[in-house]
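Below, each chain spelled out in residue letters.
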Amino acid sequence: MPLIAFEHVEKSFDGGGDGRSVRAVNDVSFAVAKGELLVIVGGSGSGKTTLLRLANRLITADRGVIRIEGEDISGSDPVALRRRIGTVFQSGALFPHLSVAGNIGITPKLLGWSKAAVAARVDELLALVQLDAAQYRDRFPHELSGGQRQRVGVARALAAKPAIVLMDEPFGALDPLTRDALGAQFRALHDRLGLTTMMITHDITEALLLADRIAVMREGRILAQGTPADLAGSDDGYVNDMLQTPRRQAARLQALLPRGAA
Ligand SMILES: Nc1ncnc2c1ncn2[C@@H]1O[C@H](COP(=O)(O)OP(=O)(O)OP(=O)(O)O)[C@@H](O)[C@H]1O
């Protein structure tokens, strides 16, 4: 049984004053197996964020079925659902008036964990995301670098031990080196904790480096999905165009940095 499944899902929004509606998600079907990391990649406005918001019932689908751990979420309590799913937003989206410990501990606290259990979990999570607990526990979000804020965002998402993690451009606002390091560290964490992750990015290179499988979105539809190798064999023109940049970069870097050069 996949832990996340979308079956023929559609979602439209009112277009505003002109009365036209926008079909943000159009007949989308995909599944994420237990332990899998699926990356959804696509240009601006292709419907990626709408998919994530549908998955944790911040919005509801017009048509189709969404199942989380096998259960049709249209009948589930959204608050209980969101506690089973960890979510990481762009730029961390931390609560600015709460300390690092306050941010990470917020869900366990709401779930009624004892003070001691919350404090122990905060320290455990800080270690997991490679931040020194004594140094960072009591800092506020504005006292952290962008990369540190994203680490805290990941720790917060994992606090209540969810099986499923949703990530919306989690590393998008970071410099390339930090982004690469955090991406690789998250991938290792995903494997170690046996998570099931759906991550959104507009960066095809990041998708290729992190994903087990990639779904390519355009104008509300999934054009292609599969492993990086599957996508490389796709005959879809848009998918091929998308792979041009990483292919060119790989070839140029290979030429510039030959192995074994002095
Ligand atoms: N609440 C809303 N009301 C009206 N239109 C919306 C709403 N949310 C999204 N849309 C529209 O739905 C389409 C898909 O938006 P979505 O945010 O899912 O795209 P995206 O792929 O995540 O884009 P980006 O990479 O720029 O964040 C866009 O045309 C957007 O304007």
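In the annotation of an unreviewed UniProt entry, the entry for the protein chain reads Osmoprotectant transport system ATP-binding protein, and the organism field reads Rhodopseudomonas rhenobacensis. Database annotation for the protein chain, UniProt heading Function (unreviewed entry): "Involved in beta-(1-->2)glucan export. Transmembrane domains (TMD) form a pore in the inner membrane and the ATP-binding domain (NBD) is responsible for energy generation."

A. Spatial organisation of the side chain of arginine 213. Structurally, arginine 213 can be placed in strand β9 (residues 213–218). For arginine 213, a relative accessible area of 18% corresponds to the buried category. A distance of 3.4 Å separates the side chain of arginine 213 from the side chain of glutamine 225, its partner in a polar contact. Leave out the neighbours within four places in its chain, and arginine 213 touches Ala31, Val32, Glu36, Leu37, Leu38, Val39, Gln225, Gly226 and Thr227.

B. Structural view of the site of the ligand. Inspection of the region around the ligand gives Phe13, Asp14, Val22, Ala24, Gly43, Ser44, Gly45, Ser46, Gly47, Lys48, Thr49 and Thr50 as its neighbouring residues. Within the side chain of serine 44, an N or O atom sits 2.6 Å from an oxygen atom of the ligand. Contact between the ligand and lysine 48: an oxygen atom at 2.7 Å from a side-chain N or O atom of the residue. With the chains in place, 61% of the 630 Å² that the ligand exposes on its own is no longer accessible. Secondary structure elements with two or more residues in the shell around the ligand: β1 (4–14), β2 (21–32) and α1 (48–55). With 3 residues, the single largest contributor to the shell around the ligand is α1. Considered class by class, the residues forming the shell around the ligand number 3 nonpolar, 7 polar and 2 charged.

Rules used throughout
- Residues numbered from 1 in each chain as written.
- Predicted model: local features only at pLDDT ≥ 70, side-chain atom pairs only at ≥ 80, totals over all residues.
- Heavy atoms only, no water.
- UniProt positions renumbered as here; feature names shortened; annotations may be inferred.
- Helix = DSSP H or I, 4+ residues; strand = E, 2+ residues; numbered from the N terminus.
- Buried < 20%, exposed > 50% of the residue type's maximum accessible area, 1.4 Å probe, protein only.
- Polar contact = N/O pair within 3.5 Å; in protein donor to acceptor, adjacent residues only side chain to side chain.
- Contact = heavy atoms within 4.5 Å.
- Near = heavy atom within 4 Å.
- Areas by Shrake-Rupley, 256 points an atom, 1.4 Å probe, with all protein chains shown as cover.
- Nonpolar A, V, L, I, M, F, W, Y, C, P; charged D, E, K, R; others polar.

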